[in-house]
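Structural features, examined
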Amino acid sequence: MVNTLLISVHFHDGRYHGSGEWPPSPARLLQALVAGAARGDSLTDDDVLAFNWLESLTAPAIAAPSAFAGQSFKNFVPNNDLDAVGGDPARIGEIRAGKIIRSRTFDAAVPVLYGWTFEPGADAERHARAICGIANNLYQLGRGVDMAWATGEVADECEATSRLCGHGGVLWRPNESGDGTSLSCPRPGSLASLAKRFVAMGGRFRTVSTGRKNSQLFAQSPKPDFRQVRYNSPSLFLLFEIRNDDGFAPQPLERAVALTERIRDLAVKRLTDSAWRRDDPKRQSRADKVFVGRDSQEADKAQRIRIVPLPSTGHAQTDHAIRRVLVTVPPDCPVASGDVAWAFSGLALDIDSETGEIPDNGAELVRAGDRTMLTHYGVEAAAPAWLWRTVTPAALPERAARRRIDPQRMREEAKGGAERLRENAAAERAVIQAVRHAGIATPAQTIRVQREPFDAKGQRAEAFATAPRFAKERLWHAEINFGKPVGGPVLIGDGRYLGLGLMAPVRRAEGVFAFEIADGLADCAQHLEITRALRRAVMSRVQAQLGPRATLPLFFTGHAADGAPARSGGHEHLAFAFDAPRRRLIILSPHVFQNRDATGNERRWLTDLELALENFSELRAGRSGRLSIAPCVLDQDYDPLFAKSSSWVSLTPYRVTRHAKLRDAAAAVESDILSECRRHGLPRPEVKIDQVTGKPGAGLIGHVTLRFHSAVSGPLLLGRDRHFGGGLFTAAN
């Protein structure tokens, strides 16, 4: 059991002018406590011991009210560059600089609560009580105009957790190794650095005599010694199911906008008709701003809740009907999360499937017990993803709209290829801007736009048109390949608060690395020349990653420790493939094409490989070209090299592993393929020989078609050249 030191800071005016941060950092609170406790330039010995104890604790949790950014103004103050005026303080007015000051406004009745945990003990209890006494002397926090007062108390773990979580504002927790807002926090030595800075402030100006002339020199005071701690205050995700007496009440995917608007309006009405609004009439405008966005400014978007209908996904055969609704409550939302949850829980819906209204048997929103659907949208436990695709189309700005064609003049007004390229380019530029407006800092590497859905069960972009706000010409499906993995949920475009622009991640399979060839591929490109160049480049980059003296494992080289080719027959090293029709380079771990789980060593080596392939953007492949490449992600459910199929056709020539002495070359190739399929655990296929040739030093090479009685998953890499992309098959149906 641990105890918690709780310090509550109350602001007199509900305004805070501290620069560049909210909530006020623990370091700023420490300075305010020291200022309140000090008498002139001295602290009592007990106070020093208490402060030394406080700065040794881990960073505190902070509960703060939601704050709105107020109007900024510029205050002209002298800067510290006295050298520009010869070091003469009398000329300080000549070096004034504009300083932007912006206040934050919040409910003055709600305090900022800090909670430091500590292990119980006689000394710890004594120091904690001393800090509580010091808190009574606090008189301001922030700038001089931010008058405040504080109280301190010691609580047990349960009570402290209840106080922090039940605060009603935003709970900020330290997250040492993650992302989030960076706040300054005390650490051992912080108090000593403040004392040193205080002494130096008193001696900043020094008079220097040069002959008969006296001049003053200015010395900058040393900065206080604090550490930066990341505070991760994530959004709250409330998941609801649309249910009636029969179970789920699925809604059509294309009615996402109407469904969102109806749920939003019903929730606002329920909240504003309750005692929540009657207690404070000003809450009506707050609800309109937070739920609807009415009269909101650009700065208010970060505080708006988001209602997102979630189509059912996760399997190629799953329909995309809407059975769940995700409500995202941002950390700065001025409406308490508990009030938001109440507004939606058990909400009765009356939306018909044709008009956006639930039928007579009705339905209601029920808190979901199973949250696994969130992983399909990159939320909560889901790992960040590189590739994202829209499930509902994004509403892009008018400048990205397609030219409308009169249905009565389809032939006369048909678009040419050049016009389609211009429209796609404009839409791609608009997607880049939409990503930025959605608050995603990671840049997109590649973007693809289209009107058709990416999933077979999806809907075309036009189906989501809602006049007059979302014209069908502005709606686009988009695929975005980011430079770094991005976490969900991801919504882009003008309709992201109404269920449009919802994206789902496409997961990259473990052990599969793919690169799209953007430019430089020669017309005479040969797959063996390209894959061998790719192997050399990978080994070189891995060697640089591991160090020049490190010995590359067989996993990367395909050679034993003595330099001889691996002949165990286990195929324990990487395979490299060139997918010419789709202009892709693919690197495959052995467990992928052997259809088994990766071993511990393979997972460790794959981590090294992933690091080595960062920023891999060029491959020199001799006569086959100097290739400009970019990472891409394969969708294993639909990619022709990976998706299940019962019929497979050679993409690259199959080279026999051994030349059987049979009646003819075709029979020898068929026998070798059947042996390979049996060796790698594949069912016996029907083999059709399309072409067979013999090459000196290479043996028999053939192009074949394989037909299995049941569908099998790719990739199919068979034959003697499999590690260099030979014997690569593609699905025929």
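Worth saying up front: this structure is predicted, and the values here are computed from it rather than measured. (Residues numbered from 1 in each chain as written. Predicted model: local features only at pLDDT ≥ 70, side-chain atom pairs only at ≥ 80, totals over all residues. Heavy atoms only, no water.)

1. Focus: the packing of aromatic side chains
To keep it simple, the criterion reads: Stacked, edge-to-face and tilted labels apply to pairs of Phe, Tyr and Trp rings (six-membered ring for Trp) whose centres lie within 6.5 Å, assigned for plane angles under 30 degrees, over 60, and everything in between, in that order. When a residue's accessible area, from a 1.4 Å probe over protein chains only, is under 20% of the maximum for its type it is buried; when over 50% it is exposed; and in between it is partly exposed. Criterion for a charge above a ring: Arg CZ or Lys NZ at most 6 Å from the ring centre, at most 35 degrees from the ring normal.
Tallying each qualifying case throughout the model produces 11 aromatic pairs. Ring centres 5.1 Å apart and planes at 90° place the aromatic pair F555 and F556 in the edge-to-face group. F556 shares its class with F555; the two are buried. Members of the aromatic cluster, each reached through a chain of ring pairs, are F11, Y16, W22 and F106. Between the NZ or CZ atom of R306 and the centre of the ring of Y497, over which it lies, the distance is 4.9 Å. The side chain of R532 reaches across the aromatic face of F724, ending 5.3 Å from its centre.

2. Here we look at the nonpolar core
A general feature of soluble globular proteins is that nonpolar side chains tend to end up buried together. We count it as follows: What makes a nonpolar core is a set of buried Ala, Val, Leu, Ile, Met, Phe, Trp, Tyr and Cys residues whose side-chain atoms join them at distances within 4.5 Å. Secondary structure elements follow DSSP: runs of H or I of four or more residues count as helices, runs of E of two or more count as strands, with numbering from the N terminus. Contacts between residues were defined by any pair of non-hydrogen atoms, one from each residue, lying within 4.5 Å.
Counting 46 residues, the largest nonpolar core has L5, I7, V9, F51, W53 and I131 as the members making the most contacts within it. The dominant element in this core, judged by the number of residues it contributes, is helix α1 (residues 26-37), at 7 residues. Excluding anything up to four places from it in sequence, L5 contacts W53, L54, Y114, G115, W116, F118, A128, I131, C132 and E153. Counting residues in each nonpolar core, the second largest holds 32 residues, with W276, I322, A363 and L365 among its members.

3. Some details on the side chain of T4
Relative to the elements of secondary structure, T4 occurs in strand β1 (residues 3-11). The class of T4 is buried, set by a relative accessible area of 4%. Dropping the residues within four chain positions of it, T4 is found in contact with G115, W116, T117, F118, E153, V154, A155 and A160.

4. Examining helix α10 (residues 417-437)
Quick note on the threshold: One less than the number of residues in a helix, times 1.5 Å, gives the span that helix is expected to have.
For α10, built from 21 residues, the straight-helix expectation of 30 Å at 1.5 Å per residue is met to within 8% by its first-to-last C-alpha distance of 30 Å. Among all positions in α10, only E419, E423, A426, A427, A430, V431, A434 and V435 are buried. Directly after α10, the chain includes G439, whose backbone phi takes a positive value near 85°.

5. A look at the sheet that holds strand β27 (residues 575-579)
To keep it simple, the criterion reads: Here the rule is simple: two strands pair whenever DSSP picks up at least two bridges between them. Every angle, taken between N-to-C directions, lies between 0 and 180 degrees, and every axis is a line fitted to C-alpha atoms, over only the stretch in contact when it is a helix.
In space, the 5 strands of this open sheet follow the order β27-β28-β26-β30-β29, with antiparallel pairing throughout. Every other strand in the sheet has two partners, leaving β27 and β29 (618-620) as the edge strands with one partner each. Put simply, the sheet's adjacent strands are angled 30° from each other on average, direction ignored. Here β29 runs beside strand β30 (residues 625-632); their pairing, made up of 3 bridges, is antiparallel.

6. Things to note about the side chain of S193
To keep things clear, this is the line we draw: N or O atoms within 3.5 Å of each other form a polar contact, as long as, within protein, one can give a hydrogen and the other can take it, and as long as residues adjacent in sequence are counted only when both atoms are side-chain atoms.
Looking at the element boundaries, S193 is found in helix α5 (residues 190-202). For S193, a relative accessible area of 12% gives the class buried. Of note is the side chain of S193, whose polar atom sits 2.6 Å from the backbone oxygen of S190. Setting aside chain neighbours within four positions, we find S193 in contact with P224 and D225.

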